[in-house]
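Coordinate analysis (summary)
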Amino acid sequence: MTKKADIITALREQISAFKAEAHVENVGSVLAVADGVARVEGLQNVKAQEMLDFNGVMGIALNLEEEQVGAIILGLTSTIKEGDTVRATGRILSIAVSDDIVGRVVDALGNPVDGRAALTATTQMPIEKVAPGVMTRKSVSVPLQTGIKAIDALIPIGRGQRELIIGDRQTGKTAIAIDTILNQKGLGVKCVYVAIGQKASKVASIKARLEKAGAMEYTTIVLAGASDPASMLYVAPYAGCAIAEYFMAKGEDVLIVFDDLSKHAWAYREISLLLRRPPGREAYPGDVFYLHSRLLERSARVNEEHGGGSITALPIIETQGGDVAAYIPTNVISITDGQIYLESDLFYRGQRPALNVGLSVSRVGSAAQTKAMKNVAKTLKVDLAQYRELEAFAQFATDLDDATKKQIERGRRAMELMKQKQYSPLPFFEQAVVIFALNNGYLDGIAVTDVLRFEDEVLAYMRSTGEKTLKAIESSKDVTAETKTELETHLTNFLSIFVK
């Protein structure tokens, strides 16, 4: 009897101590999977852009339909089959970011792909984020030096600006972006290079070039290669922007390069057609404008109350046969604050960078220029534009007046001076010296073929003999009356020893 009572007591104790824990999961099953896209049923209350777990492989819910959910798979679809269980995670897609992401090559989900140690993640940054509002922004007034004479003098870029680099394939678009990254050394600007649909060999050579110049110390490469699924190409630029926002929130200045958004649009078109979204012009979905506007609007210079940092974007667009009026180019031109237009004809004629001065523009203008550059380059763009008109006219005219001849000769020297070797950016104070020499007629007596030699030798002369004058321009960021007199003396002395 005692034994029976003990059992009953023990059972009562266990029943009273029992607590039922209910664990609710939003679970569905895969109806079909193919080409990186899955159709899922049974997922109740799933959100747009929510992460889904396909037994260890992550996906994103993009199409929310009445009976089904269309999702893209961020990885290999070979492990997913019809009937598999899918779990909604309740999280919007985000990327883990910390300070040690600088100097690394990561994929679109923030995982290192450079064969080095794992990253120590500290902050989760959402990949999609609302752009800073008007009241949180500050006007663009601090220059972002590219180190390229033709850009810094004619179409200046400011911190917080979005400047499009546009042109046909093989015209030097990536070269301009890489030169700009190289020029940020010592200027306190973090850089993010997003490679979208690029060959792995090309990205490896870019990384090697950056390492050689010591630029990987402040650069992160986000890689969604040509062999990656379209879903990774779609996510990559947003992931790069999230990394840039992490540093902007800390009050730092960031430069981000999207290379290139044409391939990003192609990837999004592929995903949209597979999800059976209605196609529009050139088979792109109706929201392709929003695809890039919500990305590029996140580039801004914010006020001190919000950290005082900035993101400067250099999106790249590839045109087909110089057609800037195509769908994606016109979309991105209308979103950005100006464009650097590279022309195939100029490139093949040896004018590199192949910048078309007439079609290139910066909507920020001289507000983002140092006083030194503003002083020496204020008439240069007009002079070059007039030269191009006169050059076409001079082909038909046999007899030209002296003033026209002088303008054409000055224009030829200006075009020659705008040439620059790849991977050799110049600081603004050295650019100011050579443009000052051009505008003040020191190059007029020199043959066009000797202009670049003159530039190299005069800068070598200034670095040794005129070091004090260079430092004065660098510190004051201006060419004062006193500095101007010193420059004139140095240039006159140099001309007397220059071998023509």
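To start, this report covers the structure provided alongside it. (Residues numbered from 1 in each chain as written. Predicted model: local features only at pLDDT ≥ 70, side-chain atom pairs only at ≥ 80, totals over all residues. Heavy atoms only, no water.)

**What to know about the packing of aromatic side chains**
Put simply, the test is: Whether two aromatic rings pair depends on their centres lying within 6.5 Å, for rings of Phe, Tyr and Trp, where Trp uses its six-membered ring; planes under 30 degrees apart make the pair stacked, over 60 edge-to-face, and the rest tilted. Only protein chains enter the calculation, and the probe is 1.4 Å; a residue is then buried if its accessible area is under 20% of its type maximum, exposed if over 50%, and partly exposed in between.
Taken as a whole, this structure holds 10 aromatic pairs when the rule is applied. A ring pair is formed by Tyr246 and Phe247, whose centres lie 5.1 Å apart and whose planes are at 80°; its orientation type is edge-to-face. A residue is classified by how much of its surface remains accessible, and Tyr246, at 11% relative accessible area, is buried. Its relative accessible area of 2% is what places Phe247 among the buried residues. Put simply, the rings of Phe454, Tyr461, Phe494 and Phe498 pair up and form one aromatic cluster.

**What to know about the nonpolar core**
Grouped burial of nonpolar side chains is what soluble globular proteins tend to show. Our working definition: Here, the term nonpolar core denotes a set of buried Ala, Val, Leu, Ile, Met, Phe, Trp, Tyr and Cys residues that are joined through side-chain atoms within 4.5 Å. Runs of H or I in DSSP of at least four residues are treated as helices and runs of E of at least two as strands, each being numbered from the N terminus. Whether two residues are in contact is decided by their heavy atoms, any of which lying within 4.5 Å being enough.
Core analysis: the biggest nonpolar cluster contains 75 residues, and Ile181, Leu210, Ile340 and Leu380 have the highest contact counts within it. It is helix H13 (residues 428–439) that provides the largest number of residues to this core, a total of 9 residues. Leaving out residues up to four positions away in the same chain, Leu380 has contacts with Ala153, Leu154, Ala414, Met418, Ile435, Leu438 and Asn439. Leu93, Ile196, Tyr284 and Tyr327 belong to the second-largest nonpolar core, a separate cluster that totals 63 residues.

**Here we look at the pattern of salt bridges**
What counts, and what does not: In the sections that follow, a salt bridge refers to a side-chain nitrogen of Lys or Arg positioned within 4 Å of a carboxyl oxygen of Asp or Glu.
The tally for this structure, following the rule as stated, stands at 25 salt bridges. The partner of Arg137 in a salt bridge is Glu297, with the nearest N and O atoms 3.7 Å apart. Of this pair, Arg137 sits in the loop between strand E9 (123–126) and helix H2 (149–154) while Glu297 is found in the loop between helix H7 (288–296) and strand E14 (310–318), placing the two residues 160 residues apart along the sequence. Arg137 sits in the partly exposed class, given a relative accessible area of 25%. Here Arg162 ties to Asp337 by a salt bridge, and the two come within 2.7 Å at their closest N and O atoms. Highlighted residues: Arg162 in the loop between H2 and strand E10 (164–167) and Asp337 in the loop between helix H8 (327–335) and strand E15 (338–342), separated in sequence by 175 residues. You'll find Arg162 and Asp337 in the same group, each marked buried. Via salt bridges that share partners, Arg137, Arg162, Glu297 and Asp337 belong to a single interconnected network.

**Some thoughts on a nonpolar patch on the surface**
The test is simple: Here, patches come from residues exposed beyond 30% relative accessible area and free of salt bridges, joined within 9 Å for like charges and within 5 Å for nonpolar side chains (Val, Leu, Ile, Met, Phe, Trp, Tyr). Accessibility throughout is a Shrake-Rupley quantity obtained with a 1.4 Å probe, and a residue counts as covered only by protein chains that appear here.
A contiguous nonpolar patch, built from Ile7, Leu11 and Ile15 and spanning about 310 Å² of accessible area, is present on the exposed surface. Position of Leu11 among the secondary structure elements: in helix H1 (residues 2–17).

**Considering empty space enclosed by the protein**
Our working rule: Space inside and on the surface of the protein is sampled on a 1 Å grid over the protein atoms alone, with a cavity defined as a set of points where a 1.4 Å probe fits but cannot get out and a pocket as an open set with protein on both sides within 12 Å along at least 5 of 7 lines; lining residues have an atom within 4 Å of a point. Grid points are joined across faces, edges and corners, and a volume is the space filled by probe spheres set on the points. Residues were grouped as follows: Ala, Val, Leu, Ile, Met, Phe, Trp, Tyr, Cys and Pro as nonpolar; Asp, Glu, Lys and Arg as charged; and all remaining residues, including Gly, as polar.
What the rule picks out here adds up to 3 cavities of 30 Å³ or more. The computed volume of the largest cavity comes to approximately 60 Å³. Taken together, Pro143, Leu144, Gln145, Asp152, Pro156, Ile157, Ala368, Gln369, Thr370 and Met373 make up the lining of the largest cavity. Across the lining of the largest cavity, the residue classes break down as 6 nonpolar, 3 polar and 1 charged. Counted as a void, the second largest cavity has a volume near 50 Å³.

**Comments concerning the sheet that holds strand E4 (residues 57–64)**
As a reminder of what qualifies: We call two strands paired when DSSP finds no fewer than two bridges between them. Note on method: axes are straight lines fitted to C-alpha atoms, helices fitted across the in-contact stretch only, with angles between N-to-C directions ranging 0 to 180 degrees.
Taking strand neighbours around the barrel as the criterion, the 6 strands line up as E1-E2-E5-E4-E3-E6 in a closed arrangement whose pairing is antiparallel. The mean angle between the axes of side-by-side strands here comes to 45°, regardless of whether they run parallel or antiparallel. With 3 bridges connecting them, strand E3 (residues 50–54) and strand E6 (residues 85–92) associate as antiparallel partners. Considered in E6, the bridge of Leu52 is made with Ala88.

**Concerning the pairing of strand E13 (residues 253–259)**
Where burial is concerned, most of E13 is hidden: 7 out of the 7 residues are buried. Burial along E13 is two-sided: the residues Asp253, Leu255, Val257 and Asp259 and Val254, Ile256 and Phe258 are all buried. Taken together, the 7 bridges between strand E11 (residues 189–196) and E13 define a ladder with parallel strand orientation. If you follow Val189 over to E13, its bridge partner there is Asp253. Judged from the 6 bridges that link them, E13 and E14 form a sheet pairing that is parallel. Looking at the pairing, Leu255 lines up with Thr312 of E14.

**Overview of the layout of surface pockets**
By volume, the largest pocket is sized at about 850 Å³. In terms of lining, the largest pocket is formed by 33 residues, of which the most central are Gln170, Gly172, Thr174, Ala175 and Lys202. Broken down by secondary-structure element, the contributors of at least two residues to the lining of the largest pocket are helix H3 (173–182), helix H4 (200–212) and E14. Tallying contributions element by element places H3 first for the lining of the largest pocket, with 6 residues. Residues that form the lining of the largest pocket fall into these classes: 12 nonpolar, 9 polar and 12 charged. Here the second largest pocket defines a volume of roughly 330 Å³. Across the lining of the second largest pocket, the residue classes break down as 7 nonpolar, 3 polar and 4 charged.

**A few points about the packing of helix H14 (residues 451–464) against helix H15 (residues 467–476)**
The test is simple: Here is the rule for angles: anything less than 35 degrees is roughly parallel, anything more than 145 is roughly antiparallel, 65 through 115 is roughly perpendicular, and the remaining ranges are oblique.
Where H14 meets H15, the closest approach of the two axes is 5 Å, and the angle between their N-to-C directions is 90°. Relative to H15, H14 is oriented roughly perpendicular. Residues Met462, Arg463 and Ser464 of H14 pack against Glu467, Thr469 and Leu470 of H15. A breakdown of the residues in the contact of H14 with H15 according to their chemical character gives 2 nonpolar, 2 polar and 2 charged.

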